[in-house]
Amino acid sequence: GNSVTQMEGPVTLSEEAFLTINCTYTATGYPSLFWYVQYPGEGLQLLLKATKADDKGSNKGFEATYRKETTSFHLEKGSVQVSDSAVYFCALKDSWGKLQFGAGTQVVVTP
Amino acid sequence: DTAVSQTPKYLVTQMGNDKSIKCEQNLGHDTMYWYKQDSKKFLKIMFSYNNKELIINETVPNRFSPKSPDKAHLNLHINSLELGDSAVYFCASSLGTGVNSYGYTFGSGTRLTVV
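Throughout this document, residue positions are counted from 1 along each chain, in the order its sequence is written. Chains carry letters from A onward and ligands carry numbers from 1 onward, assigned in written order. Predicted model: local features are reported for residues with pLDDT of at least 70 only, side-chain atom pairs are reported and counted for 80 or more only, and whole-chain, interface and lining totals are derived from all residues. As a rule here, side-chain values cover all heavy atoms of the structure and leave hydrogens and water aside.

Examining the overall build of chain B
In step 1: Starting at the N terminus, helices and strands are each numbered in turn, a helix being any DSSP run of H or I of at least four residues and a strand any DSSP run of E of at least two. Along chain B, the regular secondary structure elements total zero helices and 11 strands.
In step 2: Listing each helix as α and each strand as β along chain B from the N terminus yields β-β-β-β-β-β-β-β-β-β-β.
In step 3: Against the compact-globule benchmark of 13 Å for 115 residues, chain B has a radius of gyration of 13 Å, which places it among compact chains.
In step 4: Sorting the 115 residues of chain B into buried and exposed places 45% on the buried side.
In step 5: Look at the contacts in chain B between residues 6 or more apart in sequence, and 55% of them connect residues 24 or more apart.
In step 6: In this tally Asp and Glu are treated as negative and Lys and Arg as positive; neither His nor the chain ends contributes. Note that the charge is assigned to NZ on lysines, CZ on arginines, CG on aspartates and CD on glutamates. Charged side chains of chain B number 12 positive and 10 negative; the gap between the two group centres comes to 5 Å. The quantity called the radius of gyration is restricted to C-alpha atoms. Its globule counterpart is 2.2 Å times the number of residues to the power 0.38. Only protein chains enter the area calculation, which uses a 1.4 Å probe; residues under 20% of their type maximum are buried, those over 50% are exposed, and those in between are partly exposed. Between two residues, a contact is recorded if the distance between any of their heavy atoms is within 4.5 Å.

Structural data, given as structure tokens:
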């Protein structure tokens, strides 16, 4: 079956540091890939997406590139802020339209 | 505001009770979902409806019964609540089914605590 694997957290960084969260997937066919963010006490918000190989999704300084050859969709941000502290979820959307999530990675940014 | 709204936001109840969570979206989406998020933040899909028709029904105890009176509403009824049902339940909606570029829009969640 399909699956999404994310690096375990928490990831603790200082403000202005570079952030990478690794995400790899296993899927049949050609899934769409997403990153969602969940701030404390809130629901999930779509951060960015990519629908085919080599597509790059970007939003709010975050970027991720759909790499079919390595089945990866790593999330990066060049300079994090305290307000980026949240849980980040990588997800794939399969041929049934079902959005399947990774386990989530908590990011803590300290001043 | 256009959104997915869930009620109630918090629900504390005793074991054995029956409770319902309601969800409504005004985004014009035709597909709605229920997800369960456990204490470790793991998200698992429970059900999905497309235009009032059940299309995804994961391995969920039959104490959980979804109902979709129309494509803008999806409710979740839970019978004989157990301690293990304590979790945050998220409703979501999207456009269409199958692999497409549309993400899901999530509600803010219902935190269910069974005591």
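From this point, the narrative continues.
Quick notes on the interface of chain A and chain B
In step 1: Taken residue by residue, the interface counts 23 residues in chain A and 23 residues in chain B.
In step 2: Here's the idea: put two parts together, see how much 1.4 Å probe accessible area each one loses, and the total over both is what we call buried area. Together chain A and chain B conceal approximately 1800 Å² of surface at their shared face, both sides included; 56% is due to carbon and sulfur atoms.
In step 3: Salt bridges are identified by distance alone: a Lys or Arg side-chain nitrogen within 4 Å of an Asp or Glu carboxyl oxygen. Put simply, chain A and chain B have one salt bridge between them.
In step 4: The closest approach of N and O atoms between Lys98(A) and Glu58(B), which form a salt bridge, is 3.2 Å.
In step 5: N or O atoms within 3.5 Å of each other form a polar contact, as long as, within protein, one can give a hydrogen and the other can take it, and as long as residues adjacent in sequence are counted only when both atoms are side-chain atoms. Between the two partners, chain A and chain B, sit six residue pairs in polar contact (both at pLDDT 80 or more).
In step 6: Contributing elements (two or more residues each) for the side of chain A that touches chain B: β5 (32-38), β6 (44-50), β10 (86-93) and β11 (99-101) of chain A.

Concerning the sheet that holds strand β9 (residues 75-77) of chain A
Residues and elements named next belong to chain A.
In step 1: Strand pairing requires that DSSP identify at least two bridges connecting the strands. A sheet is described by the order of its strands in space; here four strands give the open sequence β3-β9-β8-β7, paired in antiparallel fashion. Two strands lie at the open edges of the sheet, namely β3 (19-21) and β7 (56-59), each paired on one side alone. Sheet twist, expressed as the average angle between the axes of neighbouring strands with direction ignored, equals 15°. Axes, fitted as lines to C-alpha atoms, cover a helix only where it is in contact. Angles between the N-to-C directions of the axes lie from 0 to 180 degrees.

Looking at empty space enclosed by the protein
A probe as big as a water molecule, rolled over the atoms, marks out the empty space that is left.
In step 1: Of the grid points, spaced at 1 Å and generated over the protein atoms alone, those admitting a 1.4 Å probe that cannot get out make up cavities, while open sets with protein on both sides within 12 Å along at least five of seven lines make up pockets; any residue with an atom within 4 Å of a point is treated as lining. Grid points are joined across faces, edges and corners, and a volume is the space filled by probe spheres set on the points. A full pass over the atoms with the stated rule returns one cavity of 30 Å³ or more.
In step 2: Taken as a whole, the largest cavity spans an internal volume of roughly 30 Å³.
In step 3: Of the residues contributing to the lining of the largest cavity, the split by class is two nonpolar, four polar and four charged. Classification convention: Asp, Glu, Lys, Arg as charged; Ala, Val, Leu, Ile, Met, Phe, Trp, Tyr, Cys, Pro as nonpolar; all other residues, Gly among them, as polar.

Thoughts on the nonpolar core
In step 1: The definition of a nonpolar core used throughout is a set of buried Ala, Val, Leu, Ile, Met, Phe, Trp, Tyr and Cys residues joined through side-chain atoms within 4.5 Å. One finds Leu19(A), Trp35(A), Leu48(A), Phe73(A), Leu75(A), Tyr88(A) and Val107(A) to be the most contacted residues of the largest nonpolar core, which totals 26 residues.
In step 2: Breaking this core down by element, the ones donating at least two residues are β2 (11-14), β3, β4 (23-26), β5, β6, β8 (62-65), β10 and β12 (105-110) of chain A.
In step 3: With four residues, the single largest contributor to this core is β10(A).
In step 4: Cys23(B), Tyr49(B), Leu74(B) and Cys91(B) belong to the second largest nonpolar core, which has 19 residues in total.

Details of the packing of aromatic side chains
In step 1: Between rings of Phe, Tyr and Trp, where Trp is taken as its six-membered ring, a pair exists when centres lie within 6.5 Å; planes separated by under 30 degrees are stacked, by over 60 edge-to-face, and by other angles tilted. As enumerated under the stated definition, the model contains 14 aromatic pairs over all chains in all.
In step 2: With 5.6 Å between their ring centres and 85° between their planes, Phe101(A) and Tyr35(B) make a pair best called edge-to-face. Residue Phe101(A) is found in strand β11, and its partner Tyr35(B) is found in strand β4 (residues 31-37); the two belong to separate chains. Across the pair, exposure class does not vary: Phe101(A) and Tyr35(B) are buried alike.
In step 3: For the pair Tyr33(B) and Tyr104(B), a centre-to-centre distance of 3.9 Å together with 15° between the ring planes defines the contact as stacked. Taken together, the positions of Tyr33(B) in strand β4 and Tyr104(B) in the loop between β9 (87-94) and β10 (105-106) put the pair 71 residues apart, joining distant regions of the chain. In terms of burial, Tyr33(B) and Tyr104(B) fall into one category: buried.

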